[in-house]
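For reference, the chains in residue letters:
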There are 2 protein chains.
Amino acid sequence: MDLTATTETLYERYVAELQQIADIRYAVALLQWDQETYMPVSGAAARSRQVATLSEMAHSRFTSSTFGELLAELMQRPDLTPQQSANLHLSHYDFEQQARVPASFVRTISETVSRSFHAWMDARKANDFNIFAPVLEELVTLKKEEADLLGYDKHPYNALLNQYERGCTTELLDNTFGTLQPPLKALLDKIAACPQVDDRLLKQYFPEQDQWQFSMDLLEKMGYDLDAGRQDKAEHPFTINFSSQDVRITTRIDEQDLGNMTWSTIHELGHALYEQGLPAGQYGLPLGEAASLGIHESQSRFWENNIGRSLPWCQYFLPHLQKYFPSQLGNSSPEHFFRAINKVYPSLIRTEADELTYHFHVIIRYELEKALIGGELSVKDIPAFWGERYNHYLGIRVPDDRRGCLQDVHWSHGSFGYFPTYSLGSLYAAQFFGQLKKEFPDMDEITRQGKFNIALEWLRGRIHQYGRQYTSEELCKNLTGEGINIDHFMQYVTEKYRFIYSFQPEGDAL
Amino acid sequence: MDLTATTETLYERYVAELQQIADIRYAVALLQWDQETYMPVSGAAARSRQVATLSEMAHSRFTSSTFGELLAELMQRPDLTPQQSANLHLSHYDFEQQARVPASFVRTISETVSRSFHAWMDARKANDFNIFAPVLEELVTLKKEEADLLGYDKHPYNALLNQYERGCTTELLDNTFGTLQPPLKALLDKIAACPQVDDRLLKQYFPEQDQWQFSMDLLEKMGYDLDAGRQDKAEHPFTINFSSQDVRITTRIDEQDLGNMTWSTIHELGHALYEQGLPAGQYGLPLGEAASLGIHESQSRFWENNIGRSLPWCQYFLPHLQKYFPSQLGNSSPEHFFRAINKVYPSLIRTEADELTYHFHVIIRYELEKALIGGELSVKDIPAFWGERYNHYLGIRVPDDRRGCLQDVHWSHGSFGYFPTYSLGSLYAAQFFGQLKKEFPDMDEITRQGKFNIALEWLRGRIHQYGRQYTSEELCKNLTGEGINIDHFMQYVTEKYRFIYSFQPEGDAL
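These lines cover the structure that appears in this document, whether it is placed above or below. The model shown is predicted, which means the values in this text are computed figures rather than measured ones.

**Considerations on the overall build of chain A**
Right, so step 1: A count of helical and extended segments in chain A gives 21 helices and three strands.
Right, so step 2: By the compact-globule yardstick of 24 Å for 510 residues, chain A fits well, its C-alpha radius of gyration being 23 Å.
Right, so step 3: Each of the 510 residues in chain A was classed as buried or not, and the buried ones make up 57%.
Right, so step 4: When the accessible surface of chain A is split by element, carbon and sulfur atoms take 49% of a total near 20,600 Å².

**Some words on the environment of A:F238**
Residues and elements named next belong to chain A.
Right, so step 1: Along the chain, F238 falls in the loop between β1 (229-233) and β2 (239-241).
Right, so step 2: Taking the C-alpha atoms as reference points, F238 and R252, separated by 14 residues in sequence, lie 10.0 Å from one another.
Right, so step 3: Among all residues touching F238, those that are not within four sequence positions of it are W33, E36, R248, I249, T250 and E268.

**Some remarks on the side chain of B:E165**
Residue and element names in this part refer to chain B.
Right, so step 1: With respect to the secondary-structure elements, E165 resides in the loop between α7 (156-164) and α8 (170-192).
Right, so step 2: The buried charged residue E165 lacks any salt bridge, with R166 as its nearest oppositely charged partner at 10 Å.
Right, so step 3: Among the polar contacts listed, one links the side chain of E165 to the side chain of S472, at a separation of 2.5 Å.

**Brief notes about α7(B)**
Residues and elements named next belong to chain B.
Right, so step 1: The element α7 is largely enclosed, with a buried count of eight among its nine residues.
Right, so step 2: Along α7, the residues that are buried comprise P156, Y157, N158, A159, L160, L161, N162 and Y164.
Right, so step 3: Residues of α7 that are buried sit in contact with α4 (82-99), α6 (129-150), α8, α11 (293-307), α15 (358-374) and α17 (420-439).

**Digging into the interface of chain A and chain B**
Right, so step 1: Taken together, the contacts link 35 residues of chain A with 35 residues of chain B.
Right, so step 2: Taken over both partners, the interface formed by chain A and chain B buries close to 2,800 Å², and the fraction arising from carbon and sulfur atoms is 59%.
Right, so step 3: When the area that chain A buries against chain B is broken down by residue, the three leading residues are A:Y38, A:P40 and A:R49, summing to 19%.
Right, so step 4: Seen at the junction of chain A and chain B, the total is six salt bridges.
Right, so step 5: In this structure, the salt-bridge partner of B:R248 is A:D34, at a minimum N-O distance of 2.7 Å.
Right, so step 6: Between chain A and chain B we count 20 residue pairs in polar contact (both at pLDDT 80 or more) in total.
Right, so step 7: Among the secondary structure elements, those contributing two or more residues to the side of chain A that touches chain B are α1 (7-37), α2 (44-62) and β1 of chain A.
Right, so step 8: Among the elements that make up the side of chain A that touches chain B, the one with the highest residue count is α1(A) (10 residues).
Right, so step 9: Looking at the side of chain A that touches chain B residue by residue, the classes come out as 17 nonpolar, nine polar and nine charged.

**Regarding the relation of the copies chain A and chain B**
Right, so step 1: Between chain A and chain B, which share one sequence, the superposing operator has a rotation angle of 180° and an axial displacement of 0.0 Å; the RMSD is 0.0 Å. These values place the two chain copies in the arrangement generated by a two-fold rotation axis. It is A:A27 whose C-alpha, among those of chain A, lies nearest the rotation axis, at 3.3 Å.
Right, so step 2: An overlap of 100% is found between the interface residues of chain A and their copies at the interface of chain B, pointing to a shared contact surface.

**As for the packing of aromatic side chains**
Right, so step 1: Applying the stated criterion to the full structure yields 71 aromatic pairs over all chains.
Right, so step 2: Where A:W411 meets A:F416, the ring centres are 6.2 Å apart and the plane angle is 5°; that geometry is what we call stacked.
Right, so step 3: Judged by its relative accessible area of 3%, A:W411 falls in the buried class.
Right, so step 4: For the ring pair B:F302 and B:F433, a centre distance of 5.7 Å and an interplane angle of 75° mean the geometry is edge-to-face. Of this pair, B:F302 sits in helix α11 while B:F433 sits in helix α17; the two residues are 131 residues apart in sequence, bridging distant segments of the chain.
Right, so step 5: Judged by its relative accessible area of 0%, B:F302 falls in the buried class.

**Considerations on the sheet that holds strand β3 (residues 247-251) of chain A**
Think of a sheet as strands paired side by side through backbone hydrogen bonds, with each pair either parallel or antiparallel.
All names here are of chain A.
Right, so step 1: Read from one edge to the other, the open sheet built from three strands follows the order β1-β3-β2, with strand pairing classed as mixed. Edge positions in the sheet fall to β1 and β2, since each has one partner strand and no second. Adjacent strand axes in the sheet meet at a mean angle of 25° when their direction is disregarded.
Right, so step 2: Bridge analysis of β1 against β3 gives five bridges, and the strand direction is parallel. Bridging across to β3, G229 finds its partner in V247.

**As for the sheet that holds strand β2 (residues 239-241) of chain B**
All names here are of chain B.
Right, so step 1: Read across the open sheet, the three strands follow the order β1-β3-β2; overall the sheet is mixed. Pairing within the sheet leaves two strands with one partner each, and these edge strands are β1 (229-233) and β2. When the angles between neighbouring strand axes are averaged without regard to direction, this sheet yields 25°.
Right, so step 2: Both β2 and strand β3 (residues 247-251) contribute to a ladder of three bridges, which runs antiparallel. Among the inter-strand pairings, T239 is bridged to a residue of β3, identified as I249.
Right, so step 3: Relative to the sheet, helix α9 (residues 208-221) contacts β1 and β3, its axis offset from that of β1 by approximately 160°.

**Here we look at the pattern of salt bridges**
Residue and element names in this part refer to chain A.
Right, so step 1: According to the stated counting rule, one finds 68 salt bridges over all chains in the structure shown.
Right, so step 2: Between E17 and R61 there is a salt bridge; the shortest N-O distance is 3.0 Å. Here E17, found in helix α1, pairs with R61, found in helix α2; they are 44 residues apart in sequence, far enough to count as distant.
Right, so step 3: When its relative accessible area of 22% is taken as the criterion, R61 is described as partly exposed.

**Side note on the packing of helix α8 (residues 170-192) of chain A against helix α17 (residues 420-439) of chain A**
For any two helices packed against each other, the geometry is given by the interaxial angle and the distance between the axes.
Residues and elements named next belong to chain A.
Right, so step 1: Where α8 meets α17, the axes come as close as 12 Å, and the angle between the chain directions of the two elements is 60°. Considering their axes alone, α8 and α17 lie oblique with respect to each other. For the pair α8 and α17, the sense of crossing is left-handed. When α8 is examined against α17, the residues L172, L173, T176, F177 and L180 are found in contact with a partner set consisting of P420, S423, L424 and L427.
Right, so step 2: For the contact of α8 with α17, the per-class residue count stands at seven nonpolar, two polar and no charged.

**Notes on helix α12 (residues 311-324) of chain B**
All names here are of chain B.
Right, so step 1: Compared with the 20 Å implied by 1.5 Å per residue over 14 residues, the 20 Å span of α12 between its first and last C-alpha is a close match.
Right, so step 2: Taken as a whole, α12 carries its principal kink of about 40° at F317; the proline P319 stands between one and four residues after it.
Right, so step 3: What α12 keeps buried is the set L311, P312, W313, C314, Y316, F317, L318, H320 and L321.
Right, so step 4: You can read the cap of α12 off the contacts: a side-chain oxygen lies 3.2 Å from the backbone nitrogen of W313, and it is on S310.

**Focus: the pairing of β3(B)**
All names here are of chain B.
Right, so step 1: Buried residues dominate β3, accounting for five of its five residues.
Right, so step 2: Judged by which residues are buried, β3 turns out to be covered on both faces: V247, I249 and T251 on one side and R248 and T250 on the other are all buried.
Right, so step 3: In this structure, the hairpin formed by β2 and β3 is closed by a connection of five residues.

**Some words on the environment of A:T6**
Residue and element names in this part refer to chain A.
Right, so step 1: Here T6 shows up in the segment before α1.
Right, so step 2: The class for T6 is partly exposed, based on a relative accessible area of 48%.
Right, so step 3: Considered as a pair, T6 and R77 are 71 residues apart in the sequence and their alpha carbons are 9.4 Å apart.

**Brief notes about the packing of α17(B) against helix α20 (residues 472-480) of chain B**
Residues and elements named next belong to chain B.
Right, so step 1: With their axes 10 Å apart at the nearest point, α17 and α20 run at an angle of 20° to one another. One finds that α17 runs roughly parallel with respect to α20. The chirality of how α17 crosses α20 is left-handed. Seen from α17, the contacting residues are Y428, Q431, F432 and Q435; seen from α20, they are S472, E473, C476, L479 and T480.

What counts, and where the lines are drawn
- Residues numbered from 1 in each chain as written.
- Chains lettered and ligands numbered in written order.
- Predicted model: local features only at pLDDT ≥ 70, side-chain atom pairs only at ≥ 80, totals over all residues.
- Heavy atoms only, no water.
- Helix = DSSP H or I, 4+ residues; strand = E, 2+ residues; numbered from the N terminus.
- Rg over C-alpha atoms; globule rule 2.2 N^0.38 Å.
- Buried < 20%, exposed > 50% of the residue type's maximum accessible area, 1.4 Å probe, protein only.
- Areas by Shrake-Rupley, 256 points an atom, 1.4 Å probe, with all protein chains shown as cover.
- Contact = heavy atoms within 4.5 Å.
- Lys, Arg positive; Asp, Glu negative; His and termini not counted.
- Salt bridge = Lys/Arg side-chain N within 4 Å of Asp/Glu carboxyl O.
- Polar contact = N/O pair within 3.5 Å; in protein donor to acceptor, adjacent residues only side chain to side chain.
- Buried area = accessible area lost by both parts, 1.4 Å probe.
- Nonpolar A, V, L, I, M, F, W, Y, C, P; charged D, E, K, R; others polar.
- Least-squares fit on C-alpha atoms with pLDDT ≥ 70 in both.
- Phe/Tyr/Trp six-rings, centres within 6.5 Å; stacked < 30°, edge-to-face > 60°.
- Pairing = 2+ DSSP bridges.
- Axes fitted to C-alpha atoms, helices over the stretch in contact; angles between N-to-C directions.
- Parallel < 35°, antiparallel > 145°, perpendicular 65-115°, else oblique.
- Left-handed = near helix turned anticlockwise from the far one by under 90°.
- Expected span 1.5 Å × (residues − 1).
- Bend = angle between axes of the 7 residues up to and from the residue.

Distances and angles like these do not, on their own, reveal function.
Given below as structure tokens:
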């Protein structure tokens, strides 16, 4: 490549190359979407190799020395626009990170993950962690090796955390979770002392077809652009995109539980609204990507909990729900419905947890992964560690591996360091929501009227349009004047659950 | 690459490379499947570039000089197994063909096709050929250039025909069509002199959901492996695959016409059964591919017409159909139903034509394309040519472009030389079917009992398992003892339509 060309010419080459790599990655995403939605069972073997080949191609093009030289040359050019410079710095950071991991290592991880996923499925089926343990052991060893390849300060787990949330460290998480635990535990104790809310109205028979129709209605009313997205059914709900103009979600329907589909759909909607709001003109470039997984999760939690599990949301949506389910919900009131959908109780399964106990599910996984990668916990001791922590934090006994340490798919995918982003997202969401309410004091009334576009446009203007321009913490500071601060979450939940469980405010509660 | 390695090592490299190229091509196929079935409208722009990038990657890897050298070296090795040798010879042929077309030319064609497809859609909408003409002009020029690049004997159209049906020439087609026309015309004249059959029972109201259920039942009964395939809805029915273990079809449903969905589904089923029967162990290699488009079409026509539009098929399936549509079909008899689904009449639209007039639709397109590529016909004169030929062959007036020369998508895709494979397929199908009946004299009874696996296993053993090992004509000779011979088709249709239209046999009819 001729590196003496004009900045404009070189930048065009950089864009063309990144966009072609994006084409490959989005093709991989479609292969995966299809695998989870429509692929016939016998297609699995060929699909695995197709995903592996294309992933490897994308990785090897991105980490090629030619591309590295192009980046290095461009970074030195004085005549870059601020936007060009932002893209290049982010690409250079990604390049440095990914180039540290050789292709052979990527292939080894990918092959181990493939075996590991099947072992995890078998182990779940047999309800026996021992079936998963040997390959998990291999994976943990590989992850420690990956941490060494990537490099880190202080704790090897930091290298893994950083892959999902740039700049995230055990220090930040120890501090955040350490500050969060005492007031959250106090609130849970207070709730436990109150009479439990009655959520039986959610556990009636809600026919699949009616739930599906409602979900489509819900998506449209809450701002999902269905010309640039669609919903399908899958075993595990997820959001995936092939450009900002094609952002898809999946849902699952439990005919005995209306809540399962409804808030899972709103959660994925939150992710999808973010992707649909990223700048379309930056296809394949860092400024066209999400800021981080934590910020992504803040968007899903914002819509799922702060908006979707609020009283005004119930006041707007209950009449619609009653049209779909007249016999089941005809006699319900918004207040009753609001209480039912916010029932708090310690439970075994993370994905079914309420928004308060949820953090303890994450904290347990965080402590476990940190010890595992740090070498203080060995794989064989995971079930015992799990049981002890669930008893310690939530006061419940874990009856078996399936409802214990085998419940999440993450480790079998080789994802260590991912869980903390769920809690960070929830904390950011509450902080952003607090700011929104400051700027729109009548936000409750706005939600009650179903004007969800107000909140959406606010998020688009404050977060979505910037793509990866700012880190999570920078975004948070720009938006709220400070970095992550658990007080906003505590304020939001204290106020909300005081109403739901009808307990008295204390002088020092906030 | 070290070309002094053992044959085994080099062959493994060849397989690995071809299989990775297949991974890319199958990803392209999935991008296309999704585009036709589920993609939201706004996803189109990014999808186009994803398809273009991946197609170009596959082409450039396949035509790389490294791969060419590997092939050349392997071809000289004396210690190849017959199977290895067959794969290598076919790959070498493909390499020679594709390497003649430079990447820049592929890109130009692909860009022109993209514009051309939209122009064709606009032209159809406006019912005005002039909108399509300028870009079609460009495409024809490019196709002539492509013929020159590929090289040919006698007629440039041969280079294009050869892309879809290896060894197919204007000589072979002039001869085949020339022999076919007189007896086919005579048969049509005889039918025209008989009272027309009554097909009103097909044109009742058949609800979409019931048609869909029936189609899934039909697919299963006729041998489609639904663990290795699926059916979805699309505007234009097609078959596509991502390995022999994931072969999908699409259908469309017209609630006013049961025939539309039913025989289109069986047609695609025929294509799918072929793909599902190709050797799975030859993933990505020539021996894992279909022999030719003509043979592919022979499989779809075999099931659609020779089996699917036969009296025994009606005797087996009518009772099932009556369960799905009791009020519409309850009073019908197999004989009445059989006549209705085989109504013969000259019509304007190729895809709706009966199996007799169908050939004239193809002959007209063949004559037109040959003249176009040969330079004797210019684009602006296409509508006039079209009208004159439809009047000449079918005695009907073409009222407008939409129902005339704008009806097919093929040219807008850059496909010239494709249409003749439809007729060849139909002729091969009749010839294969004749052979099957020779070997299984009780074939009618077998079909009447719904034992479709007998015919399927016969096709698998005689055709499917060989992949691309034999050319169309070789396969035909192996199977029937002679090359393509229109007598088998004429014998099949004469016997069939003599029954349907109740005319008397003539001494010399066969």
